[in-house]
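Chain by chain, the residues run as shown.
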Amino acid sequence: WVLADNPELKPPDVIDSRTFGFIPMSNVLGRVIYSGQSKDSHGPVTNSPLAQIVDEPVLKQEVDADELFGEDDAGSSSGTADEDREHK
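**Some remarks on helix α2 (residues 49–62)**
Next up, step 1: Between its terminal C-alpha atoms α2 stretches 20 Å, which fits the 20 Å expected from 14 residues at 1.5 Å a residue.
Next up, step 2: For α2, the principal kink sits at D55 and spans about 40°; a proline, P57, occurs within the next four residues.
Next up, step 3: By the burial criterion, the buried members of α2 are A51, D55 and L59.
Next up, step 4: The secondary structure elements touched by the buried residues of α2 are β1 (34–36) and β2 (42–44).

**Digging into the pattern of salt bridges**
Think of it this way: side chains of opposite charge can pair up when their charged atoms draw near.
Next up, step 1: Considering all chains together, one arrives at three salt bridges under this definition.
Next up, step 2: Salt-bridge contacts for R18 lead to D16; the nearest nitrogen and oxygen are separated by 2.8 Å.
Next up, step 3: Judged by relative accessible area, which is 34%, R18 ranks as partly exposed.
Next up, step 4: Residue classification places D16 among the buried residues on the basis of a relative accessible area of 2%.

**Describing a nonpolar patch on the surface**
Next up, step 1: A cluster of nonpolar side chains, namely W1, L3 and F22, defines an oily patch on the protein surface of about 420 Å² accessible area.
Next up, step 2: Looking at where F22 falls in the secondary structure, it is placed in the loop between α1 (17–20) and β1.
Next up, step 3: On the basis of relative accessibility, which here comes to 69%, the residue F22 falls in the exposed class.

Definitions and cut-offs
- Residues numbered from 1 in each chain as written.
- Predicted model: local features only at pLDDT ≥ 70, side-chain atom pairs only at ≥ 80, totals over all residues.
- Heavy atoms only, no water.
- Helix = DSSP H or I, 4+ residues; strand = E, 2+ residues; numbered from the N terminus.
- Expected span 1.5 Å × (residues − 1).
- Bend = angle between axes of the 7 residues up to and from the residue.
- Buried < 20%, exposed > 50% of the residue type's maximum accessible area, 1.4 Å probe, protein only.
- Contact = heavy atoms within 4.5 Å.
- Salt bridge = Lys/Arg side-chain N within 4 Å of Asp/Glu carboxyl O.
- Patch = residues over 30% accessible without salt bridge, like charges linked within 9 Å, V, L, I, M, F, W, Y side chains within 5 Å.
- Areas by Shrake-Rupley, 256 points an atom, 1.4 Å probe, with all protein chains shown as cover.

See below:
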């Protein structure tokens, strides 16, 4: 089952499993291990207890929330690239 990531959209404006139903597991090429919506709403996605153990070293090495959500050197949230340039 796949679901669009924009909860405001509904069929027919979005095409996901609500439109075409289940997909075969052979069509799944990867899985989500981290979800980030904002600086205050992010974290690991638990797919299964085993996957959580396997994913932990990847998350520690690869996920930098400050970089992901645009924290600048001063620790405050940054906006657009133009705003970032103005602050430096």
